[in-house]
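What follows is the residue order along each chain.
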Amino acid sequence: MSIRARQINRLVFIVFLAASAYALARALLPDDDRTGLIPWDKAKHFIVFYGLSILASLALPQSRLHRIGLVILAYGGSIEILQGLVGRDASWLDLFADACGISAAFGPMLVSQWWRKAARL
């Protein structure tokens, strides 16, 4: 089994890291109780993790999507644990919304990959 070098799009990876850090900061800072542009908390989780998934897939084009998805989901789980430690509400439903955002981003990509593989056979 050969080890192949992973190609990383550095610019997009930096944007991904910045977006991840911003999401972590917003999740751990005290909630300001403003409604904002998106009033429903679960929609915010969905959108953030959808965006992080897209950025990660663009930053790491040679990586397997299911591995990226699992790492991002673990990141979401870590955020929920940390929220419980800093006095914010930790919720399984938030983690489920994170998983839905990841699935919505990667689902069409995986189907496209499967179709391309089937067309080559």
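Residues numbered from 1 in each chain as written. Predicted model: local features only at pLDDT ≥ 70, side-chain atom pairs only at ≥ 80, totals over all residues. Heavy atoms only, no water.

1. A closer look at the layout of surface pockets
Taken as a whole, the second largest pocket holds about 290 Å³ of empty space. Of all the secondary-structure elements, those providing two or more residues to the lining of the second largest pocket are helix H3 (65–85) and helix H4 (92–120). A class-by-class count of the residues in the lining of the second largest pocket yields 3 nonpolar, 4 polar and 5 charged. (1 Å grid on protein atoms, 1.4 Å probe; cavity = no way out; pocket = protein on both sides within 12 Å on 5 of 7 lines; lining within 4 Å. Points joined across faces, edges and corners; volume = space filled by probe spheres on them. Helix = DSSP H or I, 4+ residues; strand = E, 2+ residues; numbered from the N terminus. Nonpolar A, V, L, I, M, F, W, Y, C, P; charged D, E, K, R; others polar.)

2. Quick word on the pattern of salt bridges
Applying the stated rule across the entire model yields 2 salt bridges. Here Lys 42 and Asp 41 are joined by a salt bridge, their closest N and O atoms 3.3 Å apart. Note that Asp 94 is salt-bridged to Lys 42, the shortest N-O span being 2.6 Å. Residue Asp 94 is located in helix H4, and its partner Lys 42 is located in helix H2 (residues 41–59); the two are separated by 52 residues in the primary sequence. Each of Asp 41, Lys 42 and Asp 94 takes part in a single network of salt bridges with overlapping partners. (Salt bridge = Lys/Arg side-chain N within 4 Å of Asp/Glu carboxyl O.)

3. Quick word on the packing of helix H1 (residues 10–28) against H3
Their axes nearest at 9 Å, the elements H1 and H3 cross at an angle of 25 degrees. Relative to H3, H1 is oriented roughly parallel. Between H1 and H3 lies a crossing whose hand is right-handed. Only Tyr 75, Ile 79, Leu 82 and Gln 83 of H3 make contact with H1, whose side of the interface consists of Ser 20, Ala 21, Leu 24, Ala 27 and Leu 28. (Axes fitted to C-alpha atoms, helices over the stretch in contact; angles between N-to-C directions. Parallel < 35°, antiparallel > 145°, perpendicular 65-115°, else oblique. Left-handed = near helix turned anticlockwise from the far one by under 90°. Contact = heavy atoms within 4.5 Å.)

4. Some thoughts on the packing of H2 against H3
The geometry of H2 relative to H3 is characterised by a closest axis approach of 10 Å and an angle of 140 degrees between their N-to-C directions. Taken together, the axes of H2 and H3 lie oblique to each other. H3 is crossed by H2, and the crossing has right-handed handedness. Residues His 45, Phe 49, Leu 52, Ser 53, Ala 56 and Ser 57 of H2 form the contact with H3, whose participating residues are Leu 65, Ile 68, Ile 72, Tyr 75, Gly 76, Ile 79 and Glu 80. A breakdown of the residues in the contact of H2 with H3 according to their chemical character gives 8 nonpolar, 4 polar and 1 charged.

5. Observations concerning the side chain of Ser 53
Relative to the helices and strands, Ser 53 is located in helix H2. Once residues within four sequence positions are removed from consideration, Ser 53 is found in contact with Ile 72, Ile 102, Ala 105 and Phe 106.

6. Here we look at H1
Its 19 residues place the ends of H1 27 Å apart at the C-alpha level, agreeing with the 27 Å of an ideal helix rising 1.5 Å per residue. Looking only at H1, the buried set comprises Val 12, Phe 16, Ser 20, Ala 23 and Ala 27. Take H1 and look down its axis: the buried residues cluster within an arc of 80 degrees, on one side only. Away from the buried face of H1 by more than 90 degrees, exposed residues Arg 10, Leu 11, Ile 14 and Tyr 22 are located. Elements that come into contact with the buried residues of H1 comprise H2 and H3. (Expected span 1.5 Å × (residues − 1). Buried < 20%, exposed > 50% of the residue type's maximum accessible area, 1.4 Å probe, protein only. Arc of directions from axis to C-beta.)

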